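Coordinate inspection notes
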Amino acid sequence: MHVKAGDTVQVISGKEKGKIGEIKRVFPENSTVVVDGVNIRTRHVKPQAEGESGQIQTFEAPIHSSKVMLYSTKQKVASRVCYTVDSDGRKVRMLKKTGETLSDKNWERRK
């Protein structure tokens, strides 16, 4: 997939078009992502025990990954992603429009 958890993205289609948020979770098996503050759903939960009251819970539902585009917070613009090799010989993701490279947080933790 072109996005990873922790990336900042902009929604490019649907009723949430234009919203910007960070990816919380990625489901590669069906190409969906959960974006913070996007696609809020409401669930009415029945009481489980005697004397307990019911609840109304809100949660972020997954949206398809094709509906989001990587977003540059520095330049305030959405862009496609391309893959290049940096000076260390590692394959890195880069925003086509701005030329900004995206650091892989998992790689930084391994060092």
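Structure report, in brief. Source: prediction; values computed, not measured. (Residues numbered from 1 in each chain as written. Predicted model: local features only at pLDDT ≥ 70, side-chain atom pairs only at ≥ 80, totals over all residues. Heavy atoms only, no water.)

**Comments concerning the overall build of the protein**
Across its full length, the protein carries 1 helix and 11 strands. Moving toward the C terminus, one meets the helices and strands of the protein in the order β-β-β-β-β-β-β-β-β-β-β-α. For 111 residues, the compact-globule estimate of 2.2 N^0.38 gives 13 Å, and the protein exceeds it by more than 25% at 18 Å. Taking the principal axes of its C-alpha atoms as reference, the protein extends roughly 65 × 35 × 25 Å. A burial count over the protein gives 29% of its 111 residues as buried. Sequence separation of at least 24 residues holds for 39% of the intrachain contacts in the protein that already meet a minimum separation of 6. If you sum the accessible surface of the protein, you get close to 7,700 Å²; carbon and sulfur atoms cover 48% of it. Side-chain charges in the protein split into 22 positive and 13 negative, and the spacing between the mean points of these groups amounts to 6 Å. (Helix = DSSP H or I, 4+ residues; strand = E, 2+ residues; numbered from the N terminus. Rg over C-alpha atoms; globule rule 2.2 N^0.38 Å. Buried < 20%, exposed > 50% of the residue type's maximum accessible area, 1.4 Å probe, protein only. Contact = heavy atoms within 4.5 Å. Areas by Shrake-Rupley, 256 points an atom, 1.4 Å probe, with all protein chains shown as cover. Lys, Arg positive; Asp, Glu negative; His and termini not counted. Charge placed at Lys NZ, Arg CZ, Asp CG, Glu CD.)

**Some thoughts on the side chain of serine 65**
By secondary structure assignment, the location of serine 65 is in the loop between strand S6 (63-64) and strand S7 (68-72). Apart from the residues within four sequence positions on either side, serine 65 is in contact with Met1, His2, Ser31, Thr32 and Val33.

**Here's the deal with unusual backbone geometry**
Residues other than glycine predominantly adopt negative phi, and peptide bonds predominantly adopt the trans conformation. Positive phi values are uncommon outside glycine, yet serine 31 reaches one of about 55°. Mapping serine 31 onto the fold places it in the loop between strand S2 (20-27) and strand S3 (32-35). If you check the backbone angles, asparagine 39 has positive phi at about 60° while not being a glycine.

**Describing the sheet that holds strand S1 (residues 8-11)**
Taken in spatial order, the 6 strands make up an open sheet running S6-S3-S2-S1-S7-S8, and their pairing is antiparallel. The sheet is open, and its two edges are formed by S6 and strand S8 (77-79), each paired on a single side. (Pairing = 2+ DSSP bridges.)

**Notes on the environment of threonine 101**
Structurally, threonine 101 can be placed in strand S11 (residues 101-102). Once the C-alpha coordinates of threonine 101 and arginine 25 are considered, the two residues, 76 residues apart in sequence, prove to be 21 Å apart.

**Concerning the side chain of glutamine 10**
Secondary-structure assignment places glutamine 10 in strand S1. If we ignore the near neighbours within four places in the chain, the residues touching glutamine 10 are Gly18, Lys19, Ile20, Lys67, Val68, Met69, Tyr71 and Ala78.

**Considerations on the pattern of salt bridges**
One pass over the full model with this rule turns up 5 salt bridges. The shortest N-O distance in the salt bridge between arginine 93 and aspartate 7 comes to 2.8 Å. Linking arginine 93 in strand S10 (residues 91-95) with aspartate 7 in the segment before S1, this pair joins segments that are 86 residues apart in sequence. Residue aspartate 7 is classed as buried on the basis of its relative accessible area, which comes to 10%. The salt bridge partner of lysine 19 is glutamate 16, with a shortest N-O separation of 2.7 Å. For glutamate 16, a relative accessible area of 12% puts it in the buried group. Salt bridges sharing partners connect three or more residues here, namely Lys24, Asp36 and Glu60. (Salt bridge = Lys/Arg side-chain N within 4 Å of Asp/Glu carboxyl O.)

**Describing the sheet that holds strand S9 (residues 81-85)**
Here we have 3 strands laid out as an open sheet, ordered S9-S10-S11, and antiparallel in their pairing. The sheet terminates laterally at S9 and S11, the two strands that pair on one side only. Here S9 runs beside S10; their pairing, made up of 5 bridges, is antiparallel. Bridge pairing in S10 places valine 81 opposite leucine 95.

The analysis is restricted to geometry; functional conclusions fall outside its scope.
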